[in-house]
Amino acid sequence: MDYFFTEEQQMIKDLAAQIASEKVVPVRAELDEKSEFPREIMNVLGQSDLMGLYIPEEYGGAGMGSLELVIAIEELSKACVGVSTSFAANALGTYPILIGGTEDQKKEYLPDIASGKKLVAFGLTEANAGSDAGGVQTTAKLDGDEYVLNGTKQWITNGGEADVYTIIAITDKEKGARGASAFIVEKGTPGFTFGKKEDKMGIRASVTCELVFDNCRIPKENIIGKEGMGFIVAMKTLDKSRPGVGAQGVGVAQGAIDEAIKFARERIQFGKPVISFQAVQHMLADMATATEAARALIYAVCRFIDSGAKDVSKVSAMSKLFATDVGMRVTTDALQVMGGSGYMKEYPVEKMMRDAKILQIYEGTNQIQRNVIGQALIKEAAKGSK
Ligand SMILES: Cc1cc2nc3c(=O)[nH]c(=O)nc-3n(C[C@H](O)[C@H](O)[C@H](O)COP(=O)(O)OP(=O)(O)OC[C@H]3O[C@@H](n4cnc5c(N)ncnc54)[C@H](O)[C@@H]3O)c2cc1C
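A brief report on the enclosed structure follows.

1. Some words on the packing of helix α4 (residues 66–79) against helix α5 (residues 81–100)
Packing of α4 against α5 leaves a shortest axis separation of 7 Å and a crossing angle of 155°. Here α5 runs roughly antiparallel to α4, going by the angle between their axes. Handedness of the crossing formed by α4 with α5: left-handed. Contact residues: L69, A72, I73, L76 and S77 in α4; V81, S84, F87, A88, A91 and Y95 in α5. For the contact of α4 with α5, the per-class residue count stands at nine nonpolar, two polar and no charged.

2. Points about α5
The end-to-end C-alpha distance of α5, which contains 20 residues, comes to 29 Å, matching closely the 28 Å that a straight helix rising 1.5 Å per residue would cover. Its axis deflected by about 35° at T94, α5 carries its strongest bend there, up to four residues before the proline P96.

3. Section: helix α9 (residues 313–337)
Because the α-helix completes a turn every 3.6 residues, residues three or four places apart line up on one side. The end-to-end C-alpha separation of α9 is 36 Å, in line with the 36 Å expected for 25 residues at 1.5 Å each. Where α9 terminates, the next one or two residues include G339, which has phi positive at roughly 60°.

4. Some thoughts on the nonpolar core
Within the largest apolar cluster, 111 residues are counted, with the highest numbers of intra-cluster contacts made by L45, F87 and L149. With 13 residues, the top contributor of residues to this core is helix α7 (residues 230–266). Those residues within four positions of L45 in sequence are excluded, and the remaining contacts are I19, L50, M51, L76 and F87.

5. Focus on the packing of helix α8 (residues 278–306) against α9
Packed helix pairs are specified by the crossing angle of their axes together with the interaxial distance, meaning the distance between the axes. For the pair α8 and α9, the least separation of the axes is 9 Å and the interaxial angle reads 160°. Relative to α9, the element α8 is oriented roughly antiparallel. As for how α8 packs across α9, the hand of that crossing is left-handed. Looking at side-chain class alone, the contact of α8 with α9 contains 19 nonpolar, four polar and two charged residues.

Cut-offs applied
One numbering rule holds for all chains: residues counted from 1, following each sequence as written. Per-residue local features are limited, in this predicted model, to residues with pLDDT of at least 70; the limit for side-chain atom pairs, both in listing and counting, is 80 or more; totals at the level of whole chains, interfaces and linings are taken over all residues. With hydrogens and water excluded, all non-hydrogen atoms of the structure serve as input to the side-chain values. Lines fitted to C-alpha atoms define the axes, with helix axes restricted to the stretch in contact, and inter-axis angles between N-to-C directions lie between 0 and 180 degrees. Comment: elements are numbered from the N terminus, with helices defined as DSSP H or I runs of at least four residues and strands as E runs of at least two. Note on terminology: angles under 35 degrees are roughly parallel, angles over 145 are roughly antiparallel, angles of 65 to 115 are roughly perpendicular, and the others are oblique. Handedness of a helix crossing follows the sense of rotation of the near helix relative to the far helix, less than a right angle counterclockwise being left-handed and clockwise being right-handed. Contacts are assigned to residue pairs with any non-hydrogen atoms lying within 4.5 Å of each other. Here the term charged refers only to Asp, Glu, Lys and Arg, the term nonpolar to Ala, Val, Leu, Ile, Met, Phe, Trp, Tyr, Cys and Pro, and the term polar to all other amino acids, Gly among them. A helix is expected to span 1.5 Å for every residue after the first. At every residue, the bend is computed as the angle between two fitted axes, covering the seven residues ending there and the seven beginning there respectively. Side-chain atoms within 4.5 Å are what join buried Ala, Val, Leu, Ile, Met, Phe, Trp, Tyr and Cys residues into a set we call a nonpolar core. The buried label applies to any residue whose accessible area, calculated with a 1.4 Å probe on protein chains only, is under 20% of its type's maximum; exposed applies above 50%, and partly exposed to all values in between.

As structure tokens, then:
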């Protein structure tokens, strides 16, 4: 379907698609097998100016928005969600600086992020703070001109590979989530090391690792915004980034549909290509319809966010919830269309199905998205009845 992209948006789509087919498809199985970070591909994405799509021009970016970012994420996800996760996590880590950073912080960090010279990671989750993000226990104590960080972040995408980390830590224990603050921590800071690297089911081309802070001292200027704003910055960050996770769902679903159709046209059973059986056609019809609906929702939500709309939590959660459930269902059905062949590593769909699962979990599980939507509906109803 034609979504009436501008010339620039179409160029971004074509460029990301070209990188996906030329640089990602040939190595995706190997990256998956070896669980290897796609450093060369990240360099290419940086050189192609795709890393700074959503960063304002005055800080070296392209000055575009969420829509352009999801267009690139969707194309990369058709080829490999591990690669698109490594790419998208940069935006996740950068949004806190864009949302709450000072002019000096923006000038210092954003140009190198936009050019791809520096990679970024976002550290919120801990062993005791998953869905309950307000339960963060990592502390940041002001000591003279420095904050001293102590604690461990768990399952951080781009951990160890990134140069810049935006970290949520507690500055006032008494205040709970309102006592959380956001900080910028650079790789190489004494007291900041990397712990366990996870061995995952899918998105194995992305790295997921522990961040360990042991009396890690950072300049007090590295706080993002003010003390107590950390939770708000984190939630606003997720509002911005969740449609990107949805776009990963759309991309992987489309990639799987393309593979299933190719296979079903070639596979002969009962003297005919299996695509000639109406049961198979109906599966493909449902898969394509759901994927198109998810795509339309993602683009509409991004256009809404890019319009400057203030309260986007509900629609952002809806786009992530719907499109990632579609991603899981469609990759599962694509494998079914391919029968036993779909289950084999010889074809990319088994990897797509493994990769799709994480999209229903990270950046807030889909149960948590339903909670966000439910809470927003209650608020709206209360407002309406006043
Ligand atoms: C590969 C990977 C990469 C990640 N990358 C990052 C990253 O870069 N940065 C970062 O900060 N975090 C990251 N995460 C963490 C991720 O965001 C969390 O895993 C996710 O938010 C869920 O938390 P949890 O896994 O602790 O699940 P839990 O909170 O333990 O939830 C367990 C189950 O209970 C359900 N549940 C919990 N509370 C509720 C509730 N109130 N209502 C309904 N159901 C509920 C959940 O939906 C889930 O089904 C990553 C995780 C993974 C696996």
